[in-house]
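A closer look at the structure
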Amino acid sequence: MTPSTPILLARHLRERATRAERLLWRHLRDRQLNGVKFWRQQRIGRYIVDFFAPRECLVVEVDGGQHALPGEEERDTRRTHALEAMGFQVCRFWNGEVLQNLDGVLQVIAEALVTRGQGE
């Protein structure tokens with residue numbers, strides 16, 4: 001059963017994080033990437049995003065196989081456009097990308113932070 005409030009849903013999602021989300025979080029937490037503060041499973045408007053750097057207005061999403069199901073790509077595109085309309089930059093990665101190319105994923109995030117005005 002899906003929790004009924006955004007706070008409970010965010011907690012539920014943190015507890016059920018995928019292996020890729022847990023791996024990426026180990027490298028984003030505690031300001032490890034360019035000294036930037038990231039939050040996980042953070043509410044933005046009507047959405048709960050996987051990772052969020054509030055000062056830099058950067059959202060990082062890690063998508064599993066369910067995002068390849070019919071209709072999900074369109075839903076993700078609408079979600080990304082809505083977040084961008086609110087002023088956020090969105091970086092999306094597949095679980096496999098995180099698990100197989102973590103350094104490359106972290107490099108893309110670091111580059112996005114530089115374009116958002118934060119970085120080395």
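The following refers to the structure shown. (Residues numbered from 1 in each chain as written. Predicted model: local features only at pLDDT ≥ 70, side-chain atom pairs only at ≥ 80, totals over all residues. Heavy atoms only, no water.)

Considering the nonpolar core
- Leu24, Leu28, Phe38, Leu58, Val98 and Ile109 are the most contacted members of the largest nonpolar core, which has 23 residues in total.
- For this core, the secondary structure elements donating two or more residues are α2 (19–28), β2 (47–53), β3 (58–63), β4 (89–94) and α5 (102–115).
- In terms of residues, this core owes the most to one element, α5, which gives 7 residues.
- Not counting the four nearest positions on each side in its chain, Phe38 is found in contact with Trp25, Leu28, Phe51, Phe52, Ala53, Leu58, Val60, Ile109 and Leu113.
- With 8 residues, the next largest nonpolar core counts Ile44, Tyr47, Val49 and Phe88 among its residues. (Core = buried A, V, L, I, M, F, W, Y, C linked by side-chain atoms within 4.5 Å. Buried < 20%, exposed > 50% of the residue type's maximum accessible area, 1.4 Å probe, protein only. Helix = DSSP H or I, 4+ residues; strand = E, 2+ residues; numbered from the N terminus. Contact = heavy atoms within 4.5 Å.)

Re α5
- Helix length check: α5, at 14 residues, gives a terminal C-alpha distance of 20 Å against a target of 20 Å (1.5 Å per residue), a fit within 8%.
- Along α5, the positions that sit buried rather than exposed are Leu102, Val105, Leu106, Ile109, Ala110, Ala112 and Leu113. For α5, the angular spread of the buried residues around the axis is 160 degrees, confining them to a single face. Away from its buried face by more than 90 degrees, α5 exposes Asp103 and Thr115.
- Those residues of α5 that are buried are in contact with α2, β3, β4 and α4 (95–100). (Expected span 1.5 Å × (residues − 1). Arc of directions from axis to C-beta.)

Quick word on the packing of aromatic side chains
- As enumerated under the stated definition, the model contains 2 aromatic pairs in all.
- Centre to centre, the rings of Trp25 and Phe51 are 5.9 Å apart; their planes meet at 15 degrees, and the pair counts as stacked. Taken together, the positions of Trp25 in helix α2 and Phe51 in strand β2 put the pair 26 residues apart, joining distant regions of the chain.
- Using a relative accessible area of 14% as the deciding quantity, one classes Trp25 as buried.
- Of the residues examined, Phe51 reaches a relative accessible area of 2% and is grouped as buried.
- Ring centres 5.5 Å apart and planes at 75 degrees place the aromatic pair Phe52 and Phe88 in the edge-to-face group. Here Phe52, found in strand β2, pairs with Phe88, found in the loop between α3 (72–85) and β4; they are 36 residues apart in sequence, far enough to count as distant. Note on accessibility: Phe52 and Phe88 belong to one class, buried. (Phe/Tyr/Trp six-rings, centres within 6.5 Å; stacked < 30°, edge-to-face > 60°.)

On their own, these measurements won't tell you what the molecule is for.
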